[in-house]
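# Analysis of the macromolecular model
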Amino acid sequence: MHVLRGQTLTFRDDPAIVGEEASNRHESEGAVAVTAAGLIAWSGPASELPSEYKDWPVTDYGQCLIVPGFIDAHLHFPQYRMIAAYGRDLLDWLNRYTFIEEQRYAEAEFAARAAPLFIDELLRNGITSCLAFSTIHPVALDALFSEAERRGMALISGKTMMDVNAPDALTDTPQSAYEESSALISKWHGRSRLHYAISPRFAVTSTEAQLEAVAALARENPDLVIQTHLSENRNEIEFVADRFPWSKDYTDVYDRYGLLREKAMFAHGIHLSGRELARLGESGSAIVHCPTSNNFLGSGHFRYAHTTRGEHPVKAGIGCDIGGGTSFSMLQTMRDAYTVSQHAGQRITAFDAFYLATLGNARLLGLDAQVGTLEPGMIADLAVLDPMTTPIMAERHALSQSLHDMLFALLIMGDDRAIRQTWVAGKESKPQDG
Ligand code: GUN
Ligand code: ZN
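The notes below deal with the structure included here. (Residues numbered from 1 in each chain as written. Chains lettered and ligands numbered in written order. Predicted model: local features only at pLDDT ≥ 70, side-chain atom pairs only at ≥ 80, totals over all residues. Heavy atoms only, no water.)

## A look at the coordination of the zinc ion (ligand 2)
- Coordination of the zinc ion (ligand 2) by the protein is provided by His74 (NE2), His76 (NE2), His229 (NE2) and Asp321 (OD), with metal-donor distances spanning 2.0 to 2.5 Å.
- Each donor residue of the zinc ion (ligand 2) lies on the same chain, and together they follow the pattern H-x1-H-x152-H-x91-D. Here His76, found in strand 5 (residues 70-76), pairs with Asp321, found in the loop between strand 13 (315-318) and helix 13 (330-343); they are 245 residues apart in sequence, far enough to count as distant.
- Residue class for Asp321 comes out buried when judged on its relative accessible area of 4%. (Donors = N, O, S within 2.8 Å, 3.2 Å for Na, K, Ca; no water. Helix = DSSP H or I, 4+ residues; strand = E, 2+ residues; numbered from the N terminus. Buried < 20%, exposed > 50% of the residue type's maximum accessible area, 1.4 Å probe, protein only.)

Pasting the structure below:
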């Protein structure tokens, strides 16, 4: 048990709904008391620290900002080292690099070497939970979940399902995808802090027979997260329209198989029609904005305000989408979300961005009873951010006149160097930690 001191920031609700003032609680001299069991016992102004915590050991982070650990709502474990692969667009990049790299994860030893490196990189970036794609190989998911369990992390993933339009070595079948997924759900879902996500890659790489199998899994497991990709790239959308001529649009393919619901997480969702937004919204589905990836692959400019607060509002989260994304840093991801929103003429604020990467993503993934805020009773997954990481950031910080000013400079200028420390369940994380 100990007390962390520093600035503290936690969200109560979406700033776009309740307003900036009411959305968060910030203490310029704050404290978080963490129990031996790794739970937050109390947080608030350091001057009001209750007497029962006053003799607990203190770690003083000075001007650094203590926030709930970042939650990444979309990225790919088997793409962690193929970041920055020069590709023309989504389908070219998938075929040329991604589908080659993912084949390596058939080998259990390869996946077991990769998992600690991937998780180290998350923690180095202050990411304490994520929704991740793996590959089609059960051994790859076993490696990822085993390592997350060893670190005590809340991690959500699943075996990728794909049975067409990919190399043979990277395809399963409707039946094997169903059986392997079912077995992995029994093995992993609800064990430690792990959750299983039903994971069809996207409509391009599943036959109708496989989508029937996905539908069966979704029906049999109504509380599980579902993850897939939707409406990222114009050629992808055309391809889906050709493959499913009966569909009204891309979203309708997933809808037909019962995949639109609460905790269904659709990555990208850039080019959606009003009809699609309406169906996603009324079904409780969410879109995960992946701005560095969209910029890297030239996929288009996601319209945050239009999507979340337009005529047909849909919930949205944020993800780094490694390896289409260019950085594991949620700060860099927020930075690109901001620049994309500028291009789209619908500027997001630093409050929007920090909300999305903490409580916002926690809510979408159904993790908000355990993580995403600094409220008492939450598991102490924390990130400590240094707004003065570099000499120029320190100079810039000295000019900041408000909380927003500080957060905005931090997300524009910050990256992994700005993560002073990451805490998982009340323990300081260290590389390849046990
Ligand atoms: N759509 C289907 N698979 C992928 C992937 O691996 N990355 C991205 N960015 N989009 C996808
Ligand atoms: Zn993706």
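## Some thoughts on the site of ligand 1
- Around ligand 1, the surrounding shell holds 13 residues, and the nearest of these are His76, Gln79, Arg201, Glu232 and Asp321.
- Between an oxygen atom of ligand 1 and a side-chain N or O atom of Arg201, the distance comes to 2.7 Å.
- Between a nitrogen atom of ligand 1 and a side-chain N or O atom of Asp321, the distance comes to 2.9 Å.
- Across the complex, the protein chains shield 100% of the 280 Å² of accessible surface that ligand 1 would expose by itself. (Near = heavy atom within 4 Å. Polar contact = N/O pair within 3.5 Å; in protein donor to acceptor, adjacent residues only side chain to side chain. Areas by Shrake-Rupley, 256 points an atom, 1.4 Å probe, with all protein chains shown as cover.)

## Digging into the packing of helix 14 (residues 350-364) against helix 16 (residues 403-413)
- Remark: helix 14 packs on helix 16, axes separated minimally by 9 Å, with the N-to-C direction vectors making an angle of 65 degrees. By the angle class used here, helix 14 and helix 16 are roughly perpendicular. Here helix 14 runs over helix 16; the crossing is left-handed. Contact residues: Ala350, Phe351, Ala353 and Phe354 in helix 14; Leu403, His404, Leu407, Phe408, Leu410 and Leu411 in helix 16.
- Its residues assigned to classes, the contact of helix 14 with helix 16 shows nine nonpolar, one polar and no charged. (Axes fitted to C-alpha atoms, helices over the stretch in contact; angles between N-to-C directions. Parallel < 35°, antiparallel > 145°, perpendicular 65-115°, else oblique. Left-handed = near helix turned anticlockwise from the far one by under 90°. Contact = heavy atoms within 4.5 Å. Nonpolar A, V, L, I, M, F, W, Y, C, P; charged D, E, K, R; others polar.)

## A closer look at the packing of aromatic side chains
- Applying the stated rule across the entire model yields 13 aromatic pairs.
- Ring plane angle 50 degrees and centroid distance 6.2 Å describe the contact between Phe70 and Phe354, whose orientation is recorded as tilted. Of this pair, Phe70 sits in strand 5 while Phe354 sits in helix 14, and the two are 284 residues apart along the sequence. Residue Phe70 shares its accessibility class with Phe354, and that shared class is buried.
- Ring geometry for Phe77 and Phe118: centres 5.2 Å apart, planes at 55 degrees, overall tilted. Within this pair, whereas Phe77 is found in the loop between strand 5 and helix 3 (90-101), its partner Phe118 is found in helix 4 (residues 108-124), the two being separated by 41 residues in sequence.
- Residue Phe118 is classed as buried on the basis of its relative accessible area, which comes to 0%.
- The structure contains a cluster of three or more aromatic residues connected by ring pairs, namely Phe77, Tyr105, Phe110, Phe118 and Phe328.
- The ring of Trp246 has Arg256 sitting right over it, with the charged end atom 3.9 Å from the ring centre. (Phe/Tyr/Trp six-rings, centres within 6.5 Å; stacked < 30°, edge-to-face > 60°. Lys NZ or Arg CZ within 6 Å of the ring centre and 35° of its normal.)

## Observations regarding helix 10 (residues 274-283)
- Three or more residues of helix 10 are buried, namely Glu276, Leu277, Leu280 and Ser283. In an axial view of helix 10, the angular spread of the buried residues amounts to 145 degrees, which keeps them on one side of the axis.
- The inward-facing, buried residues of helix 10 abut strand 10 (225-230), helix 9 (250-256), strand 11 (264-268), strand 12 (286-289) and helix 12 (304-309). (Arc of directions from axis to C-beta.)

## Observations concerning the pairing of strand 11
- Burial runs high along strand 11: five of the five residues are buried.
- Summarising the sheet, strand 10 and strand 11 pair through five bridges and their orientation is parallel. Looking across to strand 11, one finds that Gln227 is bridged to Met265.
- Sheet analysis places strand 11 next to strand 12, joined by three bridges and oriented parallel. In the sheet register, Phe266 faces strand 12, and the bridge partner there is Ile287.
- On the question of chirality, the crossover connecting strand 11 to the parallel strand 12 by way of helix 10 is right-handed. (Pairing = 2+ DSSP bridges. Right-handed = clockwise from strand over helix to strand, strands pointing away.)

## Notes on the nonpolar core
- If you look at the biggest cluster of nonpolar residues, it comprises 105 residues, and the most contacted ones within it are Phe70, Leu75, Phe118, Tyr254, Phe354, Leu385 and Leu407.
- What Phe118 contacts, discounting residues up to four positions off in sequence, is Leu75, His76, Phe77, Tyr80, Leu144 and Phe328.
- If you look at the next biggest cluster of nonpolar residues, it comprises 16 residues, including Ile156, Val288, Cys290 and Leu367. (Core = buried A, V, L, I, M, F, W, Y, C linked by side-chain atoms within 4.5 Å.)

## Things to note about the pattern of salt bridges
- Evaluated as defined, the whole model comprises 23 salt bridges.
- Residues Asp142 and Lys187 are paired through a salt bridge, measuring 3.2 Å at the closest nitrogen-oxygen approach. On the criterion of sequence distance, the pair formed by Asp142 in helix 5 (residues 138-151) and Lys187 in helix 6 (residues 174-188) is long-range, its members being 45 residues apart.
- Here the salt bridges do not stand alone but share partners, grouping Asp120, Glu147, Arg150 and Arg151 into one network. (Salt bridge = Lys/Arg side-chain N within 4 Å of Asp/Glu carboxyl O.)

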